[in-house]
Amino acid sequence: MWIRRCRRTRGIERGLVVDIRMMAVAGLRQSGKAQRWSRWRQLLLGALLPLVPTESVAQGPLQVLAFTDTSSVRIEVEVPNAATLVGAAVNATIVNETDSTHLWSGELGQLAVAEGDVGRLTARLEGLDPLRWSPESPHLYRLTVEVAHASTTLRSTARIGFRRFEVRDGRFLLNGRPVFLKGNSINPPDRTLPDSLDENPRFAREYLQALKRSGVNIIRLTRHSQVWFDVADEVGMLIFQGHYGTPEGGGATYPPRQPLEQSLQWYREEVFEPLVNHPSVVIYVLSNEQAAPEISYKSRGHEEIERFLTNVYRELRRWDDTRPYIGNAGYGFGRSGDVCDLHRYWGWYYNSFLSYYTLRDPHVCWRSDRVQPITLTEAVGNYTGVDGRFNLVSRSKQPDSQLNWTGHAPDSEQAERGLAHQALVAKQAIEITRRLRARNPYLAGIMPFSIPFYRWWGIRSFAEMGSKPVLDQFAVSYQPVLLSWELWTPQVYAGSTLRPVAHVVNDAESGEGLDDLVLHYALVDSAGTKRAEGRLPFPDVAYYQAVGTRLEIRLPEDLPTGEYMLRGRLERNAEVISRNETPIFVAGRDFVGEPARIDRTVVLYDPRGATGAALRNLGVPFRAASDLAGLDPEADLLVIGAEAWDETLADSAEALRAFVDEGGRAIVLRQSADRFDPSWLPTAVRLQTEELDHPLVYPGGRPFRNALAVNPERLDHPVFDGIDRDRLYLWSDYTGWDEGRPGFPAVYPVTSGFVLTDRDHLAHTAVLANYDHGLEGVALVEMFSGEGSVILSGFDLVNRSGIDPVADRLLANLIRYQGTNEPHFVHPLVTEKIVWGEYGSERGLVTGIYNGLLLNTVPEIPEGLRDKYPLRIDDEGFHFAGAAGGWNTRPAIQYVPRGRRPFGPYEFTLGGAVRLPDGAGAVGEGRVWLRLPEDRSRMVTTVWNPADVPLEIEIEVNGTRQPARIAAGATVEVETPLPRASRSLALVYRGDRRLVLLATDFQ
């Protein structure tokens, strides 16, 4: 702050200011405490005063703060050591920075010197007629203040802008007009940028201009930077800024213990005074209770914290009422300040993007009836790294979240899928929030907290950063006039009718209403050919309003199976003012395939009749049964219909068990957790009950019963024939839902997911599809017992009969697979070397949390950063000494998979971080089951010990154990003979959790 004052009052050259500011910031970081900043100020003052050109050094530097609105300015002048300036005249001039035209000049008054020899003056100028500052027209003025007395003259120049940013009726108004905040929350300076660019005005300008071109109108900086603030003033970028952390002297569960006036002084001098003169800074932030536990309103001491922040807010508001305040960002729920702010990572750490629909009710945020604008100053997440893959930072919830959304897709696909999911969640979060303004007019802004650029360290200019697809998505979803498609039937048959809702959100920069609108739409195939198209008049849309209208688009009967895009363009007077698109998978009527030869008779138990109708729709012959009498284990396939479990089946549990043991095959379709009795199944399971989407944070009950983005653990398995991973993300709604109705669309592929409650049962269980954090939720398994097997499905298949071709195909595949007499195998056949941690190489051997083999990740640290971030390893993995996190604070460092560690048993916290059970020792274990070709006779396992002490490992094959000792830092190959009598192996790796399994080869 002191450097800012000097530069604005005495004209220090920009380069010197930048260098000194960087020194000051470095010292502040090293000290770790903001209160030590005063020591740096004293040292810098002594060092710099001889270098600063001035007309007098008898007095301290002249500080000028200007609090502006659209037609007035309150000017505060302060001069330390001003005993000789009592009664000095204070004059001011305000000129337009562009053309030097005068706005005002004259005397402000006389300097009054109070106790401590501090000279002060407060003056207010009203009735001014300046050009207003806005993102569209960032007009700036130069305010020059002089204090003249006898032979002493002090002068200070500040650049200011005239604008009013206020809260009124639950909305943000900029210069009297409502404005929706379209933000980006992860930005420089710092974040592993080269020092040469951190405070570089040209870099800052190019960076902010690129964000503006992508529709962003507000940002948050990592820290205070006068260079970045100045550039934001110049280019017209709004900023919300302040203190992100616990208040100085306080903690996550208690407020500062110092007198309130001391805290107020800290906030004024250290946090907000450096921001006052910048018209770009439009929102102040008092705190972000981010230390654990982050959710301060539930934690011990939250009432004290709330009282403290409320008192601070009230006092600061008296000092500066030209900006609204966020009291406790993310989790304060508007109790303190002017804004109700949320941090929600729906679609990343927890929930799905559908949870944004809970924002229809403002009381999701409000904790009273006080009307406040609602913002999400952190959202989206999905932290992709420099190569596009999710950044799998150790000691965090990142690896767990990656599994939730891109699963065990091969490494070659992880970058593309990670970037696509990051962009998809940004799209849905932004567009849903903007559209919902029609139902909740208090939704006022969203600021994704994600990484929009690839490269940070080692670059020489902004052009070398390279933008990710999420930035391109910003450019679409942040359009001033937004055309947005709402379509919950993304997988349909040719010849069906699409009924999307086209929404238009009017945030036009002109502030005008929209009329004479025409919507053009077209269904386009992968080659760019239009397969269907049309146009229709669109209703008028007033400024800051959202309007939707439903369309009906009949698809041609002869459309070939493939991926299509529904594209729209909105025209006004023949001018295109918005474009958008949404993908659709269209299947021909032959997609499901002809009913294959089924060796067994399908016996269906289905009192409700819905499953029978679905099978008839697929052309599957079956015999309906009212009980289980007469089942033939060698000839019958028993299908227990969706929601069919009743007392008759409950009374037949022993008969069901015997049927399977004697060679019978069964399929159990989706059942309700409150009725289904799984005790007869060969594998112990528990059906889950908690909902994926809701307005809360970490409500418990994970994994959830329903899921998007289901992971096909064995994609080459017959049940997934003709179905790839993309087709298991989002299924078609069968309820006719739109966002005007409560709840959520029925688009979850899985609605009755379950967990395995006995990990030993993996010995006779094939996990075919799973989901949620760490892939703990199970969607589809085949359980083997005796001579037979049971498939248990949590997929919502029957309700989509004839609607979603992928659901139909999966149901048909299940019947075909279980209905043959071909042999089924519980474990995968391994014919090539396993590279642990490479999902494609693992071939479905590791099915998530149940195997106990934790993915090991290591950071790829660019040259030049390695000395800055020394590494250490413990039983939680590799991490930087004395530092946590890194997925957003150090985006130039990407953690990548390298092997797996024998870690189990372990569990997850509600947020997804790995947690060991109480009393767990240093030794963990991991287990897999597999099959081998006949010609393999030995197993070679490559083990790495990254620790600085020798560690022990024990490798067990079908009950035979072999110990090995791995020297510190060594990588060794442990050879193990294989039993000749069996080609089915049960492998157990048992050892110190720091050990890393790199590869296993069967020779």
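Residues numbered from 1 in each chain as written. Predicted model: local features only at pLDDT ≥ 70, side-chain atom pairs only at ≥ 80, totals over all residues. Heavy atoms only, no water.

### Quick look at helix 9 (residues 398-406)
Moving on, step 1. With 9 of 9 residues buried, helix 9 lies mostly within the body of the structure.
Moving on, step 2. If you check which residues of helix 9 are buried, you get Gln398, Pro399, Asp400, Ser401, Gln402, Leu403, Asn404, Trp405 and Thr406.
Moving on, step 3. At the C-terminal side of helix 9, Gly407 shows a positive phi close to 55°. (Buried < 20%, exposed > 50% of the residue type's maximum accessible area, 1.4 Å probe, protein only. Helix = DSSP H or I, 4+ residues; strand = E, 2+ residues; numbered from the N terminus.)

### Let's talk about the sheet that holds strand 4 (residues 102-110)
Think of a sheet as strands paired side by side through backbone hydrogen bonds, with each pair either parallel or antiparallel.
Moving on, step 1. The 4 strands are arranged 4-3-7-8 in an open sheet whose pairing can be described as antiparallel. Sheet topology places strand 4 and strand 8 (152-160) at the edges, where each strand pairs with a single neighbour. When the angles between neighbouring strand axes are averaged without regard to direction, this sheet yields 15°.
Moving on, step 2. Sheet topology places strand 7 (residues 141-149) next to strand 8; 9 bridges connect them, and they run antiparallel. The residue of strand 8 that forms the bridge with Leu143 is Ala158. (Pairing = 2+ DSSP bridges. Axes fitted to C-alpha atoms, helices over the stretch in contact; angles between N-to-C directions.)

### Digging into the confidence of the model for the protein chain
Moving on, step 1. Put simply, the protein chain has an average pLDDT of 91, and 92% of its residues get 70 or more.
Moving on, step 2. Scored below 50 in pLDDT, residues 1-58 shows 93 contacts in the model against residues more than four places distant or in partner chains. (pLDDT = per-residue confidence, 0-100. Contact = heavy atoms within 4.5 Å.)

### Focus: the environment of Pro399
Moving on, step 1. Turning to its location among the elements, Pro399 is positioned in helix 9.
Moving on, step 2. Its relative accessible area of 18% is what places Pro399 among the buried residues.
Moving on, step 3. Note: C-alpha distance between Pro399 and Val896 (497 residues apart in sequence) is 9.7 Å.
Moving on, step 4. Beyond its immediate chain neighbours, meaning those up to four positions away, Pro399 contacts Leu392 and Val393.

### Quick word on helix 15 (residues 805-819)
Moving on, step 1. Under the 1.5 Å per step criterion, the end-to-end length of helix 15 is 21 Å for 15 residues, consistent within 8% with the ideal 21 Å.
Moving on, step 2. The N-cap residue of helix 15 is Asp804: its side-chain oxygen and the backbone nitrogen of Val806 are 2.9 Å apart. (Expected span 1.5 Å × (residues − 1). Polar contact = N/O pair within 3.5 Å; in protein donor to acceptor, adjacent residues only side chain to side chain.)

### Some words on the packing of helix 10 (residues 411-435) against helix 11 (residues 469-477)
The relative placement of two packed helices is expressed as an angle between their axes plus a distance between the axes.
Moving on, step 1. The contact between helix 10 and helix 11 brings their axes to 8 Å, and the two run at 20°. In terms of orientation, helix 10 and helix 11 fall into the roughly parallel class. The element helix 10 and its partner helix 11 pack so that their crossing is right-handed. Of the residues in helix 11, those touching helix 10 at Leu419, Gln422, Ala423, Ala426, Lys427, Ile430, Glu431 and Arg434 are Pro469, Val470, Gln473, Phe474, Val476 and Ser477.
Moving on, step 2. Here the contact of helix 10 with helix 11 is built from residues that sort into 8 nonpolar, 3 polar and 3 charged. (Parallel < 35°, antiparallel > 145°, perpendicular 65-115°, else oblique. Left-handed = near helix turned anticlockwise from the far one by under 90°. Nonpolar A, V, L, I, M, F, W, Y, C, P; charged D, E, K, R; others polar.)

### Regarding the pattern of salt bridges
Moving on, step 1. With the rule as written, the count across this model stands at 64 salt bridges.
Moving on, step 2. Here Arg417 ties to Glu413 by a salt bridge, and the two come within 2.9 Å at their closest N and O atoms. Linking Arg417 with Glu413, this pair stays in helix 10, spanning 4 residues, or about one helical turn.
Moving on, step 3. For Glu413, a relative accessible area of 28% corresponds to the partly exposed category. (Salt bridge = Lys/Arg side-chain N within 4 Å of Asp/Glu carboxyl O.)

### Overview of the nonpolar core
One broad trend across soluble globular proteins is that nonpolar side chains are buried collectively.
Moving on, step 1. Ranked by internal contacts, the top residues of the largest apolar core, which has 110 residues, are Tyr267, Phe272 and Tyr356.
Moving on, step 2. If you look at the next biggest cluster of nonpolar residues, it comprises 44 residues, including Phe591, Val639, Phe784 and Leu797. (Core = buried A, V, L, I, M, F, W, Y, C linked by side-chain atoms within 4.5 Å.)

### Some remarks on the state of the cysteines
Moving on, step 1. Per the counting criterion, the structure on display carries 1 disulfide.
Moving on, step 2. Disulfide pairing places Cys340 opposite Cys365 at an S-S distance of 2.1 Å. Residues Cys340 and Cys365 are joined by a disulfide whose S-S torsion is about -110°; by sign, that bridge is left-handed. Here Cys365 lies in the loop between strand 17 (340-344) and strand 18 (374-379) and Cys340 lies in strand 17, a separation of 25 residues in the sequence. There is no split in this pair, since Cys340 and Cys365 are both buried. (Disulfide = S-S within 2.5 Å.)

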